[in-house]
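Spelled out from the first residue to the last, the chains are:
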Amino acid sequence: MMDKETYAELVSRTAPKSKHFSTIIRAFLIGGLICCIGQAFADIFAMAFPYLQKDEIASVVTVTMIFSGAFLTGIGVYDDIGNFAGAGSIIPITGFANSIVAPSMEFKKEGIIFGVCAKMFVVAGPVIVLGILSSALIGIIYWIF
């Protein structure tokens, strides 16, 4: 049987060394690039549809970015982006789309109802529920006062 000190030494020798600085830089660059792409979409939509208001353009950009994240997840590209960028790929809204599509793709072999539909919100479900409940609670408080 191994004592704690020997085990700790073994773990420190065999565990892979983390490259914190390069991980942070990659997350910053890819996350920033995703945000720049979103801004480019906003500029393109503003030029292509000059009759749209800023909030309408923001809605169209949001839908476009969610679709892009879901599409890239569906064809397997977003997983590679996530492996390279780490948290830089999950913070923008495309990461939210990835968190909905990835579990449903993983369980598609179980069928449409029990696989895709049931597992779609495994990761993102609690976030959606918290958002809906907190907005309803704030709305009730606002209505009362």
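Since we're looking at a predicted model, the values are computed, not measured.

Draft legend 1. Region of the structure containing the overall build of the protein. If you tally the helices and strands in the protein, you get seven helices and zero strands. Its helices and strands taken in sequence order, the protein reads α-α-α-α-α-α-α from the N to the C terminus. Total accessible area on the protein is roughly 10800 Å²; 74% of this is exposed by carbon and sulfur atoms.

Draft legend 2. Just the packing of aromatic side chains, in detail. Going through the model one piece at a time under the given rule, you end up with four aromatic pairs. On the numbers, 6.4 Å between centres and 35° between planes, the contact of F45 with F49 is tilted. Judged by relative accessible area, which is 33%, F49 ranks as partly exposed. For the ring pair F49 and Y51, a centre distance of 6.1 Å and an interplane angle of 75° mean the geometry is edge-to-face. Judged by relative accessible area, Y51 falls into the exposed class, the value being 60%. Among the aromatic residues, those joined into a cluster by ring pairs are F41, F45, F49 and Y51.

Draft legend 3. A look at the side chain of N98. Mapping N98 onto the fold places it in helix α5 (residues 93-106). Separated by 2.8 Å, the side chains of N98 and T73 make a polar contact. With near-sequence residues (within four places) excluded, N98 lies in contact with T73, Y78, D79 and P103.

Draft legend 4. Summary view of the nonpolar core. Judged by nonpolar contacts, I30, I34, A42, F45, I57, V61, M65, Y78 and A85 together constitute the single largest core of nine residues. Counting only elements with at least two residues in this core, the list comes to α2 (20-48), α3 (54-74) and α4 (77-85). The contact partners of I34, leaving out residues within four places of it in the chain, are M65, Y78, G88, S89, P92 and T94.

Draft legend 5. Representation of the packing of α3 against α5 in the model. At a closest axis distance of 8 Å, the pairing of α3 and α5 adopts a crossing angle of 40°. Here α3 is positioned oblique relative to α5, judged by the angle of their axes. As for the relative orientation of α3 and α5, their crossing is right-handed in sense. Contacts between α3 and α5 involve T62, M65, I66, G69, A70, T73 and G74 from the first element and I93, T94, A97, N98, V101, A102 and M105 from the second. Of the residues belonging to the contact of α3 with α5, the class tally is eight nonpolar, six polar and no charged.

Basis of the calculations
Residues numbered from 1 in each chain as written. Predicted model: local features only at pLDDT ≥ 70, side-chain atom pairs only at ≥ 80, totals over all residues. Heavy atoms only, no water. Helix = DSSP H or I, 4+ residues; strand = E, 2+ residues; numbered from the N terminus. Areas by Shrake-Rupley, 256 points an atom, 1.4 Å probe, with all protein chains shown as cover. Phe/Tyr/Trp six-rings, centres within 6.5 Å; stacked < 30°, edge-to-face > 60°. Buried < 20%, exposed > 50% of the residue type's maximum accessible area, 1.4 Å probe, protein only. Polar contact = N/O pair within 3.5 Å; in protein donor to acceptor, adjacent residues only side chain to side chain. Contact = heavy atoms within 4.5 Å. Core = buried A, V, L, I, M, F, W, Y, C linked by side-chain atoms within 4.5 Å. Axes fitted to C-alpha atoms, helices over the stretch in contact; angles between N-to-C directions. Parallel < 35°, antiparallel > 145°, perpendicular 65-115°, else oblique. Left-handed = near helix turned anticlockwise from the far one by under 90°. Nonpolar A, V, L, I, M, F, W, Y, C, P; charged D, E, K, R; others polar.

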